Structures are given as C-alpha cells and as structure tokens.
Amino acid sequence: MPAQQQHDQQRLAHEAMPLDEGGPTRAPLAGAGAGSQAATEAAVQAAARTGGVRISNVSKSFGTDESRTLVLDGIDLSVGMGEFVSVIGPSGCGKSTLLKVIAGLTDADGGEVTVDGNPVSAATKNKMIGLVPQSPALMPWRTVLDNVTLPMSVNRGANGGRSMRDPVELLESFGLGHAIDKYPAQLSGGMQQRVAIARAFVFDPSVLLMDEPFSALDEMNRDQQRMGLLDFWQSNRKAVIFITHSVPEAIMLSDRIVVMAAHPGRIAEIIDVDLPRPRSVDDYATDEFRDLEGIVRAKLRAVMEPGAADAAAGGTGETR
Amino acid sequence: MTEVRVRGAQLTATEATATVGTASAVPSGRRKPRHPGRHVPASRRWYKWRIWLPPAVTFVIVAVVWQLLALANPYVIPTIDAIVASLLRDPQMYWVNMLVTLQEVVIGATAGILVGFLIAVVMAEFEIMERAVMPLFVVIMVTPIVAIAPALVVAFGFGMMPKYIVTALVVFFPMLVNSLAGLRDVDQRTLDVMRTLHASRWEIFRDLRFPGSMPFVFAGLRVALPLAIVGAAVAEFVAAGQQAGLGSLVTIAAAQANLPVTWASIVLLCVLGVLIVSFLALVRNRVLWWSDGETVAR
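Residues numbered from 1 in each chain as written. Chains lettered and ligands numbered in written order. Predicted model: local features only at pLDDT ≥ 70, side-chain atom pairs only at ≥ 80, totals over all residues. Heavy atoms only, no water.

Draft legend 1. Region of the structure containing the overall build of chain B. Summing up its helical and strand segments, chain B has 11 helices and 0 strands in all. The linear arrangement of helices and strands in chain B, starting from the amino end, is α-α-α-α-α-α-α-α-α-α-α. Considering only contacts in chain B between residues 6 or more positions apart, those separated by 24 or more positions represent 71%. Carbon together with sulfur atoms contributes 70% to the accessible area of chain B, which is approximately 16900 Å² in total. (Helix = DSSP H or I, 4+ residues; strand = E, 2+ residues; numbered from the N terminus. Contact = heavy atoms within 4.5 Å. Areas by Shrake-Rupley, 256 points an atom, 1.4 Å probe, with all protein chains shown as cover.)

Structure follows, in structure tokens:
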C-alpha cells in the first residue's frame, strides 16, 4: 500500500488494486517493452518505425454469397505504443469481430493489421498480443498463480529475449497477493477478471486486447476494477484496444474513443479524450468529463438506426 | 472516507467467504480438498441421518418382502439366510471366482477405456477421422453384445481372451462418446487466449482439452464400469467350458437348480459393482474436485 498517495479518492481506488510503483522489475514505459520482445534485429527496427497496432482498410463479411453481410467495412485505425483506445458502438457494429481479427482468431477478408510492424500471424507467434476476454476464462483446475503463468508455459519458443514479469509480484500489485494459491472458484468475479488481466500482462505483450472485460460485473465492482486497471496501466503503459459498452468507462480509461456504426460495421468517429493523466475517480465529476460524455452519447445516438435503439439502450443507459 | 474504505474491505472479505462457502468442495490454499462433510459440526449431525436412513429403510423393506416371497415360494427363490449360509459354507470358492471376474473387468475395462479415450483424442483433433470411423463404431455399438460373445469364444477359445474382449467392447463406446464430447467442450474464450499465444496443438491438448475433458470422462466411466461387469458376466455365460468366474457360477448353479449358490453369485456380482462404482466416486472426488458436478452429465 503506497503511502505517497495524495487524494483520498485515489487511495480508495488503490485499496481495490494496490500498486507498487517503484517495483524493481517494473519495465520502463512503452518503448523499451516493445523492443525487448521483438524476435529479430529486423523486427526491432520495424517496431521502432511502426510501433503499436496499425489497421488499414480491414474488411470482413460473413455468410454465403447470396446472403453475405459486411461486418467490417474498410476499418482504418492506428493505436500507438502506450496508447489506450476504446471502441464503442451498438450491437452488431463488428467491434468484437475487429478484436478477433487483431488477435489472429479470425482472418480478415481484406486489408492489413500489423503489431509493431509484424503481421498478426507473426505477432501471435512472437507472443506480442495479450487477450482479456469477456469472461475471465480461467482454468478452474489451476491455482491463480498457475493460471497467470500459463502464457509462459505455452509457445516457449517465443520466450527468448523477453522480459517476463515476476508473476507473484504482478499479482501482488493487482491486490491478489493473498490469492496466489487459491483456485478461481474461490474468488469473486472481479478478482477473477483481475487474474485474467494479470495473465495478459505477465508476458509483457506489445498490445493488450480487452473485450468488455468488466461487462459481467455489477456496477460498483465494475468501477472498482476499472480504476484498478487504470492505475496499473498508468504506470505500465501498453497499447490497449478496449471494447466497451459503457460511455463513462471509455472516457475514464481512454486517450481516444472510436465510435463505430453498424450495418456495415465502420468507424463513425474518433473522439479525443484530452483529460489529463493520471486520472482518478474525481474526474467523473468534472465539467470536461460531462461534456465529453455528452459528445460521445450524442454520437452514439446519431449512429444508431431507429430499430437498433433498444438493442443499444442497455449499453448507453449507464448514468453517473 | 476511512469508514467507507473499511466497509469496502469488509464487503470484499464477505464476498470471498460467501464464494468459498457455497462451493464446499473447493479447498483452502494449495491443498486438494478432502471429502466434503468429513468434519461435520455436532449441530449438523442430524443431517447425516437424512442421508443414510432413507436408503437403509428401503433395503430393509426389500429384504423383508424378499424373505416373505422366498418362504412362500421355496422352489423359485432362496431365503436370505440360505444365501448367507451358502456364502459362509465355502467363502474360498466364491472368493476365487470373484477374483477371476474382477480380473476380467479390470483388464477388459482398462483396455476399453484407453482405446476409447485415445480414439476420441484422434477424432477430436482430426474431424475427418470421426466421419471416417464413427459409423463403424456405431455399428459395433448397436450389435448386441450377447450375440458377439459366442462368436468371440469360437474365435479365441475358452480362455480369458474373449472375456477381456467382450468387456473392452462394452466399455469402449460410452468412453469414446463421452471423451469426445469432453474434448470438444472446451471453453471457447480460454481457447481464444491460448490461440492468441500461438499455443501448439499439443499444448492446447495438455493444458486445456485433456483436463477439461475429465468431467465427461468420469461421466463416461460411471456408465462404462457397471457395463464392464455385464460384459464379463455375459462372456462367462457363453464360455461353457470355462468354469471360473461369478458369471460361470451363476450358469452352472442355475442349471443344477442350486438356488442359494445362484443367488449368492448374483449378490457378489452386485457387491463387485458397488465396490467399483464407489472406487470410481473416490477417484472422481480426488481428480475432479474443481468441477461443481452439475455440469457433468450423469
């Protein structure tokens, strides 16, 4: 528990997920992290030129020829190293499909995705992508510690020259020091999701992909986890692509918010969030935050077709 | 502010306790859990009565009805005391025959389980294999084992081999089907995490599919092991020259109208089944403590 915290509010957030910002193995900010995991000299140079995630003209459609639906239509997006980008949009806008394409789980029909200059297939081979799915997706037969070390024990070929984190220290900084020997079923939903996030951080990937990681939690818990993630990320900058349904969540966490529209899935607008960092729960109450909330909500309303309004109401109905 | 923080901490603690409380089979710390309910508080001991008393009452009623029927029909079924007397008269003979049947069950079932699981692994990894050979296995499954058994005796003689094969055959199919379902039923999101890490096929099998299939495998064993006893007994029925085994004993004693020996052998087959199923439950609790049991098809 760091004593140097100034604001009570911040301390509240740290109660949920304490940080040890001065930890000895803490990697320096984004740049060095990206360099250390590139497999070859060429990849290091490529990373320096084209760090982060670059998505250019990605399209994807599902179904047979007669009833083909375009799910992603010419998506262009760049996420720099250490940048936090949220993707928000109505159901069916293809944001989950986009995430799957970046994660290498689905092939795009056209366009290109690179992670630190590597195509996705090479990026997964080099373990450059950390995925936090919607549910914690932990293995119930493994302890918390063994779940978090999973990324180190698979695809060991990509471990060389990589600065792995100490999993115990990482779990401690996530406020899970007492739980390392427990099993997932013994943890609350919020704690399970924190384990899943730790699992994605532990192998020091170039980019973190998070698919509505807090959507299954209740509102109070969700806010606690959200602030915990924010605190951790603020001292461990990574490129993050964060899918969410919650407008306040997107604003609180992000540098930019990508608003997507559906049918076909496309980027309607990218909104800059210029709130200063580090942010805390105090920011929810500021005028700037409320203004941004108004802007994002207005944009979301605009992209929603009349029929889709009720489907998206749950996502944007969150008030503060 | 302090008050709020304390409350927050308490909430988390209570939450954690509640989670542990509901999942009683979950261990504390790294240790694997013992059987739930071994240390029952005194105030809850009455609860144990509710567990063993109802079946005990049922058994007593069945025994009384049996005894009355036996007394009324002395040439159709033996009395309970006659069965017990027969068991006590020559325990050595029963013991030897029981061991023979047990050997058939253990060797035959082990072979059936291993082959069933391995073929399920191949089918789960290569879908084309399922399409290629599953019809054949379905044909084998629907063929009555009682019909196959005599043919196998002709082919393999009166020794132990046809018994092993029949036992393995009846175990094989439920193992195959359940293992295949278990190996396929992996958590998609955990699989996504592993695929994003570029985990190899073997790593996905080792870390996810194999442990994840265990609830289904044990559900399959629960079906297959009692069947193994059926298989062993049926094989003994048809192997007229082979005199060992509880199944043989049943046939021979029945042919001689020796009711106490017939029924004593049947009782021992029951005992064998109960022992095997209990042993399975014991192993399941050890291996599958992490599964809540409700997801398992029984």
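Draft legend 2. Structural view of the overall build of chain A. Scanning chain A for helices and strands turns up 13 helices and 10 strands. A total of 320 residues make up chain A; the buried ones form 59% of that total. If you take every contact in chain A between residues at least 6 apart in sequence, the share linking residues at least 24 apart comes to 73%. (Buried < 20%, exposed > 50% of the residue type's maximum accessible area, 1.4 Å probe, protein only.)

Draft legend 3. Structural view of the packing of helix α4 (residues 91-125) of chain B against helix α5 (residues 127-142) of chain B. All names here are of chain B. At a minimum axis separation of 6 Å, α4 and α5 run at an interaxial angle of 135 degrees. With respect to each other, α4 and α5 are oriented oblique. Only Glu-127, Met-129, Glu-130, Val-133, Met-134 and Phe-137 of α5 make contact with α4, whose side of the interface consists of Ile-119, Val-122, Met-123 and Glu-125. When grouped by side-chain class, the residues that make up the contact of α4 with α5 number 7 nonpolar, no polar and 3 charged. (Axes fitted to C-alpha atoms, helices over the stretch in contact; angles between N-to-C directions. Parallel < 35°, antiparallel > 145°, perpendicular 65-115°, else oblique. Nonpolar A, V, L, I, M, F, W, Y, C, P; charged D, E, K, R; others polar.)

Draft legend 4. Highlighting the side chain of Glu104(B). Residues and elements named next belong to chain B. Topologically, Glu-104 is positioned in helix α4. Buried charge Glu-104 goes without a salt bridge, the closest partner of opposite sign being Lys-163 at 4.9 Å. In this view, Glu-104 contacts Ala-109, Met-160, Lys-163, Tyr-164, Thr-167, Ala-232 and Glu-236; residues no more than four positions away in its chain are not counted. (Lys, Arg positive; Asp, Glu negative; His and termini not counted. Salt bridge = Lys/Arg side-chain N within 4 Å of Asp/Glu carboxyl O.)

Draft legend 5. Quick look at the sheet that holds strand β4 (residues 110-115) of chain A. All names here are of chain A. The strand order across the open sheet built from 4 strands is β2-β1-β4-β5, with neighbouring strands paired in antiparallel fashion. If you trace the sheet from one side to the other, it starts and ends with β2 (69-79) and β5 (118-119), each paired once. Relative to β5, β4 runs antiparallel, the two being bridged by 2 bridges. Across the sheet, residue Thr-114 finds its bridge partner in β5, namely Pro-119. (Pairing = 2+ DSSP bridges.)

Draft legend 6. Layout of helix α10 (residues 219-235) of chain A. Helix length check: α10(A), at 17 residues, gives a terminal C-alpha distance of 25 Å against a target of 24 Å (1.5 Å per residue), a fit within 8%. In terms of burial, α10(A) is a largely internal element, 14 of the 17 residues being buried. (Expected span 1.5 Å × (residues − 1).)

Draft legend 7. Expanded view of a nonpolar patch on the surface. A cluster of nonpolar side chains, contributed by Tyr47(B), Trp49(B), Ile51(B), Trp52(B), Leu53(B), Val57(B), Ile61(B), Val65(B) and Leu69(B), occupies part of the molecular surface with about 900 Å² of accessible area. When you line up the elements, Trp52(B) lands in helix α2 (residues 46-72). (Patch = residues over 30% accessible without salt bridge, like charges linked within 9 Å, V, L, I, M, F, W, Y side chains within 5 Å.)

Draft legend 8. The side chain of Ser213(B), seen in detail. Residue position: Ser213(B) is located in helix α9 (residues 201-238). Look at Ser213(B) and you get buried, because its relative accessible area is 0%.

Draft legend 9. Main features of the pairing of strand β9 (residues 256-261) of chain A. All names here are of chain A. With 6 of 6 residues buried, β9 lies mostly within the body of the structure. In the sheet, β9 pairs with strand β10 (residues 266-272) via 6 bridges, with the strands oriented antiparallel. Looking across to β10, one finds that Ala-261 is bridged to Arg-266. From the end of β9 to the start of β10, which pair antiparallel, there are 4 residues, and His-263 there has a positive phi angle of about 55 degrees.

Draft legend 10. Expanded view of the sheet that holds strand β6 (residues 129-132) of chain A. Residue and element names in this part refer to chain A. The strand order across the open sheet formed by 6 strands is β6-β7-β8-β3-β9-β10, and the pairing between neighbours is mixed. Strand pairing shows two members of the sheet lacking a second neighbour, β6 and β10, which therefore form its edges. The mean angle between the axes of side-by-side strands here comes to 20 degrees, regardless of whether they run parallel or antiparallel. Relative to strand β8 (residues 239-244), strand β3 (residues 84-88) is paired through 5 bridges, and the arrangement is parallel. Bridge assignment links Phe-84 to a residue of β8, and that residue is Val-240. Its contacts with the sheet put helix α4 (residues 95-102) on β3, β6, β7 (207-211), β8 and β9, and the angle it makes with β8 is roughly 150 degrees.

Draft legend 11. Focus on the packing of aromatic side chains. All chains considered together, the criterion is met by 15 aromatic pairs over all chains. Ring centres of Phe117(B) and Phe210(B) lie 5.8 Å apart, and the angle between their planes is 80 degrees; on these two criteria the pair is classed as edge-to-face. Of the two residues, Phe117(B) is situated in helix α4 and Phe210(B) in helix α9; the sequence distance between them amounts to 93 residues. For Phe117(B), a relative accessible area of 13% puts it in the buried group. Ring centres of Phe205(B) and Phe210(B) lie 5.8 Å apart, and the angle between their planes is 50 degrees; this geometry places the pair in the tilted category. A connected cluster of aromatic rings, assembled from ring pairs, spans Phe84(A), Phe214(A), Trp233(A) and Phe242(A). (Phe/Tyr/Trp six-rings, centres within 6.5 Å; stacked < 30°, edge-to-face > 60°.)

Draft legend 12. The arrangement of the pattern of salt bridges in detail. Residues and elements named next belong to chain A. For the structure shown, the criterion picks out 15 salt bridges over all chains. With a shortest N-O distance of 3.0 Å, Glu-269 and Lys-299 are connected by a salt bridge. Note that Glu-269 is positioned in strand β10 and Lys-299 in helix α12 (residues 287-303), a separation of 30 residues in sequence. Given the relative accessible area of 30%, Glu-269 is considered partly exposed. Bridged by salt links that share partners, the residues Lys-60, Arg-68 and Asp-109 form one connected network.

Draft legend 13. Spotlight on unusual backbone geometry. Residues and elements named next belong to chain A. The peptide bond linking His-263 to Pro-264 adopts the cis configuration, its omega dihedral lying at -5 degrees. Relative to the helices and strands, Pro-264 resides in the loop between β9 and β10. Pro-278 follows Arg-277 through a cis peptide bond whose omega is -5 degrees. Tracing the sequence through the fold places Pro-278 in the loop between β10 and α12. If you check the backbone angles, Lys-127 has positive phi at about 50 degrees while not being a glycine.

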